[in-house]
Amino acid sequence: MNPDQTQDANPEQLLKLLETQVAAARERRAARESGRGHAGSVGIFIIVAAAAFALWMLTAVLEQMRSQRGERKENASTPAVERTR
């Protein structure tokens, strides 16, 4: 037999080769999909954490504004004589 010639494969060998290729493709696809799922979970966590941080900052700013507004009302309600002291 000449090494330059290819050996004809029988149908069983071709079927086995095809099955191994399909199995390898399934494994690659499963790994890629699990990676996407993980990335999606991380993305959602980051979005929720950012929203919670923004809500906390908004609450802090509003609380600070409320205390400043209360101080102004107290100063406005005191008589003019006491304010000059």
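Residues numbered from 1 in each chain as written. Predicted model: local features only at pLDDT ≥ 70, side-chain atom pairs only at ≥ 80, totals over all residues. Heavy atoms only, no water.

Our next topic: the overall build of the protein chain. In terms of regular secondary structure, the protein chain is built from 2 helices and 0 strands. When burial is assessed residue by residue, the protein chain has 0% of its 85 residues classed as buried. Accessible surface, the protein chain: about 8,200 Å² in total, of which carbon and sulfur atoms supply 60%. (Helix = DSSP H or I, 4+ residues; strand = E, 2+ residues; numbered from the N terminus. Buried < 20%, exposed > 50% of the residue type's maximum accessible area, 1.4 Å probe, protein only. Areas by Shrake-Rupley, 256 points an atom, 1.4 Å probe, with all protein chains shown as cover.)

We now examine the packing of aromatic side chains. This model, assessed by the stated rule, comprises 1 aromatic pair. Aromatic pair Phe 53 and Trp 56: ring centres 5.9 Å apart, planes at 35°, arrangement tilted. With Phe 53 and Trp 56 both in helix α1 (residues 11–77) and 3 residues apart, this pair spans about one turn of that helix. As far as the burial class goes, Phe 53 and Trp 56 line up, both exposed. (Phe/Tyr/Trp six-rings, centres within 6.5 Å; stacked < 30°, edge-to-face > 60°.)

Attention now moves to the pattern of salt bridges. Counting across every chain of the model gives 1 salt bridge. For Glu 63, the salt bridge goes to Arg 66, with nearest N and O atoms at 3.4 Å. Taken together, the residues span about one helical turn, with Glu 63 and Arg 66 both in helix α1 at a distance of 3 residues. Looking at Glu 63, the relative accessible area reads 44%, which means it is partly exposed. The exposure class assigned to Arg 66 is exposed, which follows from its relative accessible area of 57%. (Salt bridge = Lys/Arg side-chain N within 4 Å of Asp/Glu carboxyl O.)

With that settled, the discussion passes to a positive patch on the surface. Side chains of Arg 26, Arg 28, Arg 29, Arg 32 and Arg 36 sit close together on the surface and give a patch of like positive charge. Along the chain, Arg 36 turns up in helix α1. (Patch = residues over 30% accessible without salt bridge, like charges linked within 9 Å, V, L, I, M, F, W, Y side chains within 5 Å. Lys, Arg positive; Asp, Glu negative; His and termini not counted. Charge placed at Lys NZ, Arg CZ, Asp CG, Glu CD.)

With that settled, consider the confidence of the model for the protein chain. Averaged over the protein chain, the pLDDT score is 83; the fraction of residues at 70 or greater is 80%. Counting interchain partners and residues more than four positions distant, the pLDDT-below-50 stretch residues 1–5 has 1 contact. (pLDDT = per-residue confidence, 0-100. Contact = heavy atoms within 4.5 Å.)

Before going further, it helps to examine a nonpolar patch on the surface. Together, Leu 55, Leu 58, Val 61, Leu 62 and Met 65 make up a nonpolar patch on the protein surface, roughly 470 Å² of accessible area in all. Its location among the elements puts Met 65 in helix α1. Met 65 gets classed as partly exposed once you look at its relative accessible area, which sits at 48%.

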